[in-house]
Amino acid sequence: EQRFEDLKKEFDNLNKGVLGKIGEYDKNLGNLGVEIKAMERVFQKIIPTMTENVHALQKLTERLEGTANKEKK
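Cut-offs and rules
- Along each chain, residue indices are assigned from 1 in the same order as the chain's sequence is written.
- Since the coordinates come from a predicted model, pLDDT governs what is reported: local features require at least 70, and pairs of side-chain atoms require 80 or more to be given and counted, while whole-chain, interface and lining totals use all residues.
- Side-chain measures were taken over the full set of non-hydrogen atoms in the model, leaving aside hydrogen atoms and water.
- Strands are runs of DSSP state E lasting at least two residues, helices are runs of H or I lasting at least four, and both sets are numbered from the N terminus onward.
- We compute the radius of gyration over the C-alpha atoms and compare it with the globule rule, which gives 2.2 Å times the number of residues raised to the power 0.38.
- Only protein chains enter the accessibility calculation, which uses a 1.4 Å probe; a residue is then buried when its area is under 20% of its type maximum, exposed when over 50%, and partly exposed in between.
- Here the Shrake-Rupley method, with its probe set to 1.4 Å, supplies the accessible areas, and only the displayed protein chains count as covering residues.
- Working convention for charge: Lys and Arg count positive, Asp and Glu count negative, and His plus the chain ends are omitted.
- Lys charges are placed at NZ, Arg charges at CZ, Asp charges at CG and Glu charges at CD.
- Within this document, salt bridges are pairs made up of a side-chain nitrogen of Lys or Arg and a carboxyl oxygen of Asp or Glu, the two lying within 4 Å of each other.

1. With respect to the overall build of the protein
Line of reasoning, step 1. What the protein contains, in helices and strands, is 1 helix and 0 strands.
Line of reasoning, step 2. Taken over C-alpha atoms, the radius of gyration comes to 30 Å for the protein, far larger than the 11 Å a tight globule of 73 residues would show.
Line of reasoning, step 3. For the C-alpha atoms alone, the extent of the protein along its principal axes is close to 100 × 25 × 5 Å.
Line of reasoning, step 4. Out of the 73 residues in the protein, the part that is buried amounts to 0%.
Line of reasoning, step 5. As displayed, the protein has an accessible area near 7300 Å², and 60% of this comes from carbon and sulfur atoms.
Line of reasoning, step 6. Here the protein contributes 14 positively and 13 negatively charged side chains, and the mean placements of these two sets differ by 10 Å.

2. Considerations on the environment of Gln58
Line of reasoning, step 1. Relative to the elements of secondary structure, Gln58 occurs in helix H1 (residues 2–72).
Line of reasoning, step 2. A residue is classified by how much of its surface remains accessible, and Gln58, at 41% relative accessible area, is partly exposed.
Line of reasoning, step 3. Residues Gln58 and Lys37, 21 residues apart in the sequence, show an inter-C-alpha distance of 31 Å.

3. A few points about the environment of Glu62
Line of reasoning, step 1. Here Glu62 is to be found in helix H1.
Line of reasoning, step 2. On a C-alpha basis, the gap between Glu62 and Gln2 in space is 85 Å, while along the polypeptide they are 60 residues apart.

4. Describing the pattern of salt bridges
Line of reasoning, step 1. A full pass over the atoms with the stated rule returns 1 salt bridge.
Line of reasoning, step 2. Of the charged contacts in the structure, one is a salt bridge between Lys37 and Glu40, with a shortest N-O distance of 4.0 Å. Placement of the pair is Lys37 and Glu40 together in helix H1, with a separation of 3 residues, close to one helical turn.
Line of reasoning, step 3. Judged by its relative accessible area of 49%, Lys37 falls in the partly exposed class.
Line of reasoning, step 4. For Glu40, a relative accessible area of 40% corresponds to the partly exposed category.

Here it is, written out as structure tokens:
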């Protein structure tokens, strides 16, 4: 009977440990979701400016390449 009680206690401890880890995992997933939403908001603000800058650089590069080609001729 004592062995059964010991086994039961060990099982209860194991069960509590597993449930604790699952709770911790759930909390971490929730935090990750919040962080992803925050990153989404940041990217929504940054991407339009980055796109404009890339287009401006592309135009500048094309202009410089055109000038370089004219000078070669």
